[in-house]
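# Understanding the architecture of this molecule
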Amino acid sequence: MNKNLFLIITILLLSLSRLLPHIPNFTPILACALFSGATFNSRKISILILIGSMFLSDCLIEFMYGYGFHNLMIPIYLIVLSINLLGSKLKNSITKKRVMLFSVLGSIIFFLFSNLFVFLGGEYGYSLAGLQICYIAAIPFLGYSMLGDLFYNFLLFGSYYWVFKKSININKSNLWN
C-alpha cells in the first residue's frame, strides 16, 4: 500500500469518527495531529490533510447536529497545528515511550490553551477566581483527552508500524519497550 494514501485515509476516517457518539474529548484529533506531524514527509501536506479533515468533520457536525462551528474554532485549529509541529519532533526516533510522552504533552498543551481561550471568552468572568474555576471545571475533560490521545496514538503509530515496518524511520528495537 502507498504510504501517503494510507496516511490520508487513516486521518480522514479518524477525523470523521467524531460524528459518532463518544465520551467528551475522547477523540482522535490530537492523535491525528501528532501522527501526521511525525509521519508525513511534507509539512504542507501534513497540515493540509489534518486541517482539511478537521474542517470536513466540523462541517458535517454542523450539518448533522448544529454545533460544528463555534467561536473557538480558530484557536482550536491553531492549538492542533502546534501539536502537529510537536509531532514533527518525533520523526527521527519514534518509540513507545516518546509517543506516550508526546501524547500526554499534546493533551496538556490542548488543555492549557483551549481553556485559556474559553476563559478569555468571558464565560467565567475576567478574574483570577474565574480563571481558576475555568480550569477546575475542565479537569475531567483533561483525563478523557489524555486517555483518548494515548489510545488513538498507539492505534495510529502501532498500525503504521505494522503496515510499513520495513520502510519507516522507527527505532524498531525500542518501539514496544
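This text goes with the structure placed above it.
Heads up: these notes are all about the structure in this document. Keep in mind that what you see is a predicted model, and the values were worked out from it rather than measured.

## Re the overall build of the chain
Tallying secondary structure elements over the chain gives six helices and zero strands in all. For 177 residues, the compact-globule estimate of 2.2 N^0.38 gives 16 Å, and the chain sits close to it at 17 Å. On the principal axes, the C-alpha backbone points of the chain span a range of 55 × 35 × 30 Å. Put simply, the chain has 177 residues, and 42% of those count as buried. A separation threshold of at least 6 residues defines the contact pool for the chain, and within that pool the share at least 24 residues apart is 71%. Total accessible area computed for the chain in this model is approximately 9500 Å², and 71% of it derives from carbon and sulfur atoms. If the 12 positive side-chain charges of the chain are averaged to one point and the 4 negative ones to another, these points end up 27 Å apart.

## Some points on the pattern of salt bridges
Counted by the stated rule, this structure contains one salt bridge. Here aspartate 58 ties to arginine 18 by a salt bridge, and the two come within 2.8 Å at their closest N and O atoms. With aspartate 58 in helix 3 (residues 43–65) and arginine 18 in the loop between helix 1 (3–16) and helix 2 (29–39), this pair connects stretches of sequence that are 40 residues apart. Of the residues examined, aspartate 58 reaches a relative accessible area of 2% and is grouped as buried. Under the relative-accessibility criterion, arginine 18 is labelled buried at 18%.

## So, the packing of helix 1 against helix 6 (residues 128–164)
The N-to-C vectors of helix 1 and helix 6 enclose an angle of 155°; their axes lie 12 Å apart at closest approach. By the angle between their axes, helix 1 is roughly antiparallel relative to helix 6. In terms of crossing hand, the pair formed by helix 1 and helix 6 is right-handed. Only Tyr152, Leu156, Ser159, Tyr160, Val163 and Phe164 of helix 6 make contact with helix 1, whose side of the interface consists of Lys3, Phe6, Leu7, Thr10 and Leu14.

## Overview of the packing of aromatic side chains
Enumeration according to the criterion identifies twelve aromatic pairs in this entry. Site record: aromatic cluster; members linked through ring pairs are Phe6, Phe35, Phe157, Tyr160 and Phe164.

## Things to note about the environment of leucine 150
Structurally, the position occupied by leucine 150 is in helix 6. Under the relative-accessibility criterion, leucine 150 is labelled partly exposed at 22%. Put simply, leucine 150 and leucine 30 are 120 residues apart on the chain and 9.7 Å apart in space, counted from C-alpha to C-alpha. Other than its neighbours up to four places away in sequence, leucine 150 contacts Met100, Ser103 and Val104.

## A look at the nonpolar core
Counting 34 residues, the largest nonpolar core has Phe35, Val80, Ile83, Leu90 and Phe157 as its most contacted members. Those elements giving two or more residues to this core turn out to be helix 1, helix 2, helix 3, helix 4 (73–88), helix 5 (96–120) and helix 6. Per-element tally for this core: the top contributor is helix 2, with eight residues. Excluding anything up to four places from it in sequence, phenylalanine 35 contacts Leu7, Ile11, Asn153, Leu156, Phe157 and Tyr160.

Cut-off values and rules
- Residues numbered from 1 in each chain as written.
- Predicted model: local features only at pLDDT ≥ 70, side-chain atom pairs only at ≥ 80, totals over all residues.
- Heavy atoms only, no water.
- Helix = DSSP H or I, 4+ residues; strand = E, 2+ residues; numbered from the N terminus.
- Rg over C-alpha atoms; globule rule 2.2 N^0.38 Å.
- Buried < 20%, exposed > 50% of the residue type's maximum accessible area, 1.4 Å probe, protein only.
- Contact = heavy atoms within 4.5 Å.
- Areas by Shrake-Rupley, 256 points an atom, 1.4 Å probe, with all protein chains shown as cover.
- Lys, Arg positive; Asp, Glu negative; His and termini not counted.
- Charge placed at Lys NZ, Arg CZ, Asp CG, Glu CD.
- Salt bridge = Lys/Arg side-chain N within 4 Å of Asp/Glu carboxyl O.
- Axes fitted to C-alpha atoms, helices over the stretch in contact; angles between N-to-C directions.
- Parallel < 35°, antiparallel > 145°, perpendicular 65-115°, else oblique.
- Left-handed = near helix turned anticlockwise from the far one by under 90°.
- Phe/Tyr/Trp six-rings, centres within 6.5 Å; stacked < 30°, edge-to-face > 60°.
- Core = buried A, V, L, I, M, F, W, Y, C linked by side-chain atoms within 4.5 Å.

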